[in-house]
Amino acid sequence: MNFLGIIPARYGSTRLEGKPLIDIAGKPMIQWVYEESCKALQTVYVATDDERIANIVRSFGGKVVLTGSHHLNGTSRCLEAWNLINAIENKTFDAALNIQG
């Protein structure tokens, strides 16, 4: 089976704003999650509606897709990302994993 890992990431968390960009031992949290996910999955993307997060992901060589800001939860963001990524990769994955940071 061909799995796709999607990490939904938003800046405007009500509990901890900017959580994906918080420095942990010299790296932003989103980078730790991305790199660990890549150890288990061949294809991993961050799905975000925030350019700050997208730019950080690009800076460490990660894959990112920009999604709408209307999503009420990460699962909804993952569905939009699924469609975008299938088009970008020019293939259909068998399953997607919603990876939480």
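Residues numbered from 1 in each chain as written. Predicted model: local features only at pLDDT ≥ 70, side-chain atom pairs only at ≥ 80, totals over all residues. Heavy atoms only, no water.

Undergrad: So what's going on with the sheet that holds strand β4 (residues 43-48)? Which residues, and what values?
TA: Two strands in a sheet stick together by hydrogen bonds in their backbones, pointing the same way (parallel) or opposite ways (antiparallel). Strand order in this open sheet of four strands is β5-β4-β1-β6, and the pairing throughout is parallel. Edge positions in the sheet fall to β5 (64-66) and β6 (95-98), since each has one partner strand and no second. Adjacent strand axes in the sheet meet at a mean angle of 30° when their direction is disregarded. The pairing of β4 with β5 spans three bridges and is parallel. Directly across from V46, in β5, lies its bridge partner V64. Running at roughly 160° to β5, helix α2 (residues 51-59) makes contact with β1 (3-9), β4 and β5 of the sheet. Taken strand by strand, helix α3 (residues 74-89) contacts β1, β4, β5 and β6, and its axis lies near 130° from that of β1. (Pairing = 2+ DSSP bridges. Helix = DSSP H or I, 4+ residues; strand = E, 2+ residues; numbered from the N terminus. Axes fitted to C-alpha atoms, helices over the stretch in contact; angles between N-to-C directions. Contact = heavy atoms within 4.5 Å.)

Undergrad: Got a sec to walk through α2? Specific residues and values, please.
TA: All buried positions along α2 are accounted for by I53, A54 and V57. One side of α2 holds all its buried residues, which, seen down the axis, span an arc of 100°. Buried positions along α2 lie against β1, α1 (29-38), β4 and β5. Positive phi shows up at G61, right after α2, with a value of about 85°. (Buried < 20%, exposed > 50% of the residue type's maximum accessible area, 1.4 Å probe, protein only. Arc of directions from axis to C-beta.)

Undergrad: Run through the layout of surface pockets, naming residues and quoting values.
TA: When its volume is computed, the largest pocket comes out at roughly 400 Å³. For the largest pocket, the lining is made up of 19 residues, of which P8, R10, S13, K19 and Q100 are closest to its centre. Of all elements in the fold, only β1, α1 and α3 reach the threshold of two or more residues within the lining of the largest pocket. With three residues, β1 is the single largest residue contributor to the lining of the largest pocket. (1 Å grid on protein atoms, 1.4 Å probe; cavity = no way out; pocket = protein on both sides within 12 Å on 5 of 7 lines; lining within 4 Å. Points joined across faces, edges and corners; volume = space filled by probe spheres on them.)

Undergrad: Help me get a handle on the side chain of D50, residues and values and all.
TA: Mapped onto the elements, D50 comes out in the loop between β4 and α2. With near-sequence residues (within four places) excluded, D50 lies in contact with Y11 and L66.

Undergrad: Which residues make up the state of the cysteines, and what are the values?
TA: Taken as a whole and judged by the stated rule, the model has zero disulfides. Unpaired in this structure, C38 has its nearest cysteine sulfur neighbour in C78, at a distance of 15 Å. For C78, a relative accessible area of 9% puts it in the buried group. (Disulfide = S-S within 2.5 Å.)

Undergrad: I'd like a rundown of the pairing of β4, residues and numbers included.
TA: The two faces of a sheet get side chains in turn, since along a regular strand they alternate between them. Counting buried positions over the six residues of β4 gives six, a clear majority of the element. Residues T43, Y45 and A47 point to one face of β4 and V44, V46 and T48 to the other, with burial holding for every one of them. Of the pairings in the sheet, the one linking β1 to β4 comprises six bridges and is parallel in character. Within the sheet, the bridge partner assigned to L4 lies in β4 and is T43. One crossover worth recording links β4 to the parallel β5 by way of α2, and it is right-handed. (Right-handed = clockwise from strand over helix to strand, strands pointing away.)

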